[in-house]
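Residues per chain are reported as follows:
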Amino acid sequence: MYASFAGLFPLLSRGRLPLVKVEEISQTIDSENFTVQNTVQFSGPLATTSISTNARFEVRSPKRVQIKFEEGIIGTPQLTDSIVLPENVEFLGQKIDLTPFKGLITSVQDTASSVVKTISSQPPLKFSISNSNAESWLLTTYLDEDLRISRGDGGSIFVLIKEGSSLLAP
């Protein structure tokens, strides 16, 4: 997947967020109900979570759809079995040695696990999206069995590969 939409950059800055990894980016389209859900799943040393948006769409032409975002969802963090800390991490071009923190992490892990277990039992945080930036259009410029390339009204470009496609094979 590729997206030039600037609003996604903070979420997708894989090498820039220490200890946070983007696991999966997905888009689910329900053509019967004219809805779409975009989701980014993250993992860190203690938990995994996701950020999603729900939208309705209206087909304006065979190549163009109007999108109205309605809801954002911050997924409930799910506790990982244990904290896995790498030997080092790169942040802002600097390699930081994390070895001295391993003993500290072990002693803090039980307390952190208790907090995350409490949070994990909560429902996801949902919020309504109702400002003027909540509407957009997409123009599909290429479409085949496996690939869709679209342009947004803000100049953004999206390249999406269908789940299960041979284009995703390593």
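Thresholds applied
Residues numbered from 1 in each chain as written. Predicted model: local features only at pLDDT ≥ 70, side-chain atom pairs only at ≥ 80, totals over all residues. Heavy atoms only, no water. Helix = DSSP H or I, 4+ residues; strand = E, 2+ residues; numbered from the N terminus. Buried < 20%, exposed > 50% of the residue type's maximum accessible area, 1.4 Å probe, protein only. Contact = heavy atoms within 4.5 Å. Areas by Shrake-Rupley, 256 points an atom, 1.4 Å probe, with all protein chains shown as cover. Patch = residues over 30% accessible without salt bridge, like charges linked within 9 Å, V, L, I, M, F, W, Y side chains within 5 Å. Salt bridge = Lys/Arg side-chain N within 4 Å of Asp/Glu carboxyl O. Polar contact = N/O pair within 3.5 Å; in protein donor to acceptor, adjacent residues only side chain to side chain. Pairing = 2+ DSSP bridges.

S.K.: Provide a residue-level description of the overall build of the chain, including the pertinent values.
M.R.: In terms of regular secondary structure, the chain is built from 2 helices and 12 strands. Across the 170 residues of the chain, 25% fall into the buried class. Pairs at least 24 residues apart make up 43% of the contacts formed inside the chain by residues separated by at least 6 positions. Summing over all exposed atoms, the chain offers an accessible surface of approximately 11600 Å²; the carbon and sulfur share of this is 57%.

S.K.: Residues and numbers for a nonpolar patch on the surface, please.
M.R.: On the surface, I51, I74, L125 and F127 cluster together to form a nonpolar patch covering roughly 330 Å² of accessible area. Structurally, I74 can be placed in strand β5 (residues 64–74).

S.K.: Tell me about the side chain of S43, and please be specific about residues and values.
M.R.: You can see S43 is positioned in strand β3 (residues 35–43). The exposure class of S43 is buried, given its relative accessible area of 15%. A distance of 2.5 Å separates a polar atom in the side chain of S43 from a polar atom in the side chain of E23. Those residues in contact with S43 that lie beyond four places of it in its chain are L19, V20, K21, E23 and T48.

S.K.: Tell me what's going on with the pairing of β5, and back it up with residues and numbers.
M.R.: Here strand β4 (residues 47–59) pairs with β5 via 9 bridges, running antiparallel. Across the sheet, the residue bridging to A55 is F69, located in β5. Bridge analysis of β5 against strand β10 (residues 135–143) gives 5 bridges, and the strand direction is antiparallel. Within β10, the residue paired with K68 across the bridge is E135.

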